[in-house]
Each structure stands twice: as structure tokens, then as C-alpha cells.
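Overview (structure and organization)
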Amino acid sequence: MFLQRLRRMSFRRSSCIVLGVLCSAVVFTSMLHFGSGKFSSKFRTFMYFKESSKDGQPLKFPHLQPLRDMFANLTIMKPSKSDCMVASAEFSDLTELEKKIPVFLLIVVSTAPSRQDRREAIRQTWGTKCGGEVVCKFFTDGIQISKEDQQKLLEERQIYKDLEFQPVNGGRTFGLRYLYQMMWAAAKYDFKYYLRLDDDYFVCLERLQHELRHRPTKMLSWGSYHCHNMLVYVDEAWTLFTHDVIVRILSQDPQRMLCHPHADQELPIWMDSVFNKTDDVTHFDDKRLYHYPPARTVDRFKNLANACDSHMGIHGSSPELMRIFWKSSNDTAKEVTAITEISATCKRPFVFDITFMVLPYKFDLRPCIQNPQWTPGETMWAGILSGGKKGTLPCS
């Protein structure tokens, strides 16, 4: 009798323990889903990798469907805009592939529809080294372009097979372009490194490709950093990331993800939302990347020989300069130098406080999911490097 009573007590005690564990799990899960602030957003990033493809492999970005839907809606042909955009089927598809294409380096060059001269200069110079384990793609707008320009762009894509269309309005919508390009890259390719460039960047591609063999394969951000009081950040003209950084950025809640007209102001906000202070991200501030003033305005670049001996890339290069650099670039494998981290090159605190930004770059952050437009009526923004010129709508 005593033994039976003892067994019943043990069973009840075990049941209470199991019930307590289950309750704790429910409470913790609820905190992850419904908690506010950075705690919930950061931990939620690890809960998105549930959905699987047909072959059972996990899809990494099913949670981004609201953003995919938002962009897809922009490709729908409307009678009022039927003459101002390419056909819906011409836009790049953001659907995540079940089996992504493995590449070592994926390069995305952001380019305005009218910049065919820059694209041609890249194809004839450093772009000739694209191929094999290095994939190079141009991304341009498919909205707010005339019928004549549409035809030219479609013919260009047919010839070179390297041009993608994004459903983004012209003007200062660089943040939305940046997001679209990143989503496309992560949906289609299993890359080790991702490099996003402006179309006036001359790249020492062979030197870069060799050097990447000796650089970190995880937690790397590589570019030219701005160093100002309360504003330390990488410039969007050249941003190179390892695959894991892209995955982490895209793990954000699509309903809460914030965009900005200038991508390099949304980037530090994104990074701060998905990385903790204890995360060991290497911020490589590469002084071999020439940034400002634009190279085409600097006399010493007009006849520069062996450009790749002293540089990894040169921003602000005109098509003519690219061809000059290319003739004697000496773009080969070089000695790999030590990484210069931002903590060594910038003595200011590594902080980005957007309230300290000044004109003409000062804008508010807005939810990406709303397809925000900060400067309606503008088309191509040439930027401060070209005197801050604004275009007008080529098609309305």
C-alpha cells in the first residue's frame, strides 16, 4: 500500500515538471513572437527558416513574401502607365530557387536606363573578366522609361544576357533598388561573396578575386567608409559582404524593415537591427578604393598607368577613363595586405545617428513595404558627385 502511494506521488511530481517545462516553452515562444524592441526582432530572425522546397531543402526567405508581393504589384501593367514600363514578364523574378546557383563572387552593378555608355565601358574593360565562378549582372529600372528606351534596353539585354529589370521608380529610390537587388541575389545564387557597385566604378577584378581567397568567409563588410561625428558608415557605391551577412540582413521582419532614399543610410540601420554589439563583424575600410572627388574630375587619373598596382577600385570613372585604366591596368594577383578595420582608420566612435545627416542627403526612414517615394517627379539622380543634378520624368 505504501509503495503504491509512493508511485502515485512520483507520477504526479513528474507530470508537474513536464507541465512546467511546456508552459515555459509557450511563454518563451510568445515573447519571441510578440515582444517588442530589439529582443524580439533579433531572435525572430532564427524562426523564419521553416518552409521547405519540393525536395525537402529549407527555403531561407519565405518570410519575405510580403515584400515580393509588393514589388510584384508594381510590375502589373496599368492603362495609364502602359507606355512607361516594360512588360510585366520582363521584370526579374524574386521567387527563391530550390537549388540556387553556386558562385564564388556575385557582382551586381546598379545602373540607370540611360547609362548604356557606362555599361558598354564595363563590358569592354574589367567586365571581360566576369565568367565562371564570377557572375556579373546589371540592374536597371523598368518603370518611367519611354517606349524608345524600352526597345533599346530590351535589345541590349537580348545581346548581352546580363541586364535585369527592377520595378522601381527613377530618382532617389536607391534604398528600394538596393533591397530588390539583394533579395534577387539571395533568391537565385548561393554565393560566397556579394559585391554591389555603382556603374562608374572601375574594378581590379582579378586582384579582388585573388584577394578574396585570403579574406574572411564570414561576417565581412568591405568598402569605403565615411568617418564623421556620429556618422560612421560604408558608402553604397561599393559594398561587399559575405553570404552570412546578406542572410542576416534579409532575416528582418518585412513589415518593420526601413528604407531610405540613399541605401548607405538604411544599411547601418539594418545592420544594427540584426547584429549585436558582441557580433564580431569585420568592417574593412579599404583605402585602396578611391572614392571622392570623382576620378573623372582629378587630373592625376587622366593618364594613370598600372591603376591596379595602387588601387582595388576607382569610383567616378567615366567610360573614357575606364578604357584608359584598362589599357595598362596590370590587374593581376597581388600581395595580400592586412585588413584595415574601421576602428584603425576612423578615430570616432563607430556610431550612425541619422539625425546628424545634412542636406542633400537628409530624409526620414520609412517602411520598405509601403514602396515609399521621397522625391516624386524626379527621375535619374546624378548625385553630388555630378553636381546634384536632377532629371525630369521621361515618360508620364
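Note that the structure is a prediction, hence the values are computed from the model and not measured.

1. Points about the pairing of strand E4 (residues 189-198)
Within E4, eight of the ten residues are buried, which leaves it mostly tucked inside the rest of the structure. Strand direction decides the pairing type here: strand E1 (residues 101-110) and E4, joined by nine bridges, are parallel. Counted as the bridge partner of Val103 is Phe191 from E4. Strand direction decides the pairing type here: E4 and strand E7 (residues 231-242), joined by five bridges, are antiparallel.

2. Points about the sheet that holds E1
An order of E3-E2-E1-E4-E7-E6-E9 is seen for the seven strands of this open sheet, with the pairing classed as mixed. Both edges of this open sheet fall to strand E3 (163-166) and strand E9 (282-285), since each of them pairs with a single strand only. This sheet shows a mean twist of 35 degrees between the axes of neighbouring strands, independent of strand direction. Bridge count for E1 against strand E2 (residues 134-141) is six bridges, and the pairing is parallel. Bridge pairing in E2 links Leu105 to Val134. Sheet strands touched by helix H5 (residues 147-160): E2 and E3. Its angle to E3, the strand with the most contacts, is close to 140 degrees.

3. Some thoughts on the pairing of E3
Here E3 shows a buried face lined by Leu163 and Phe165 and a second buried face lined by Glu164 and Gln166. Viewed along the sheet, the connection from E2 through H5 into E3 turns out right-handed.

4. Digging into the packing of helix H6 (residues 174-188) against helix H9 (residues 263-274)
Interhelical geometry of H6 versus H9 gives an angle of 60 degrees and a closest axis separation of 8 Å. In this view, H6 runs oblique relative to H9, as classed from their interaxial angle. Along its contact with H6, which presents Phe174, Gly175, Tyr178, Leu179 and Met182, the element H9 presents Ala263, Glu266, Leu267 and Trp270. When the residues that make up the contact of H6 with H9 are grouped by side-chain class, the tally is seven nonpolar, one polar and one charged.

About the cut-offs
Residues numbered from 1 in each chain as written. Predicted model: local features only at pLDDT ≥ 70, side-chain atom pairs only at ≥ 80, totals over all residues. Heavy atoms only, no water. Buried < 20%, exposed > 50% of the residue type's maximum accessible area, 1.4 Å probe, protein only. Helix = DSSP H or I, 4+ residues; strand = E, 2+ residues; numbered from the N terminus. Pairing = 2+ DSSP bridges. Axes fitted to C-alpha atoms, helices over the stretch in contact; angles between N-to-C directions. Contact = heavy atoms within 4.5 Å. Right-handed = clockwise from strand over helix to strand, strands pointing away. Parallel < 35°, antiparallel > 145°, perpendicular 65-115°, else oblique. Nonpolar A, V, L, I, M, F, W, Y, C, P; charged D, E, K, R; others polar.

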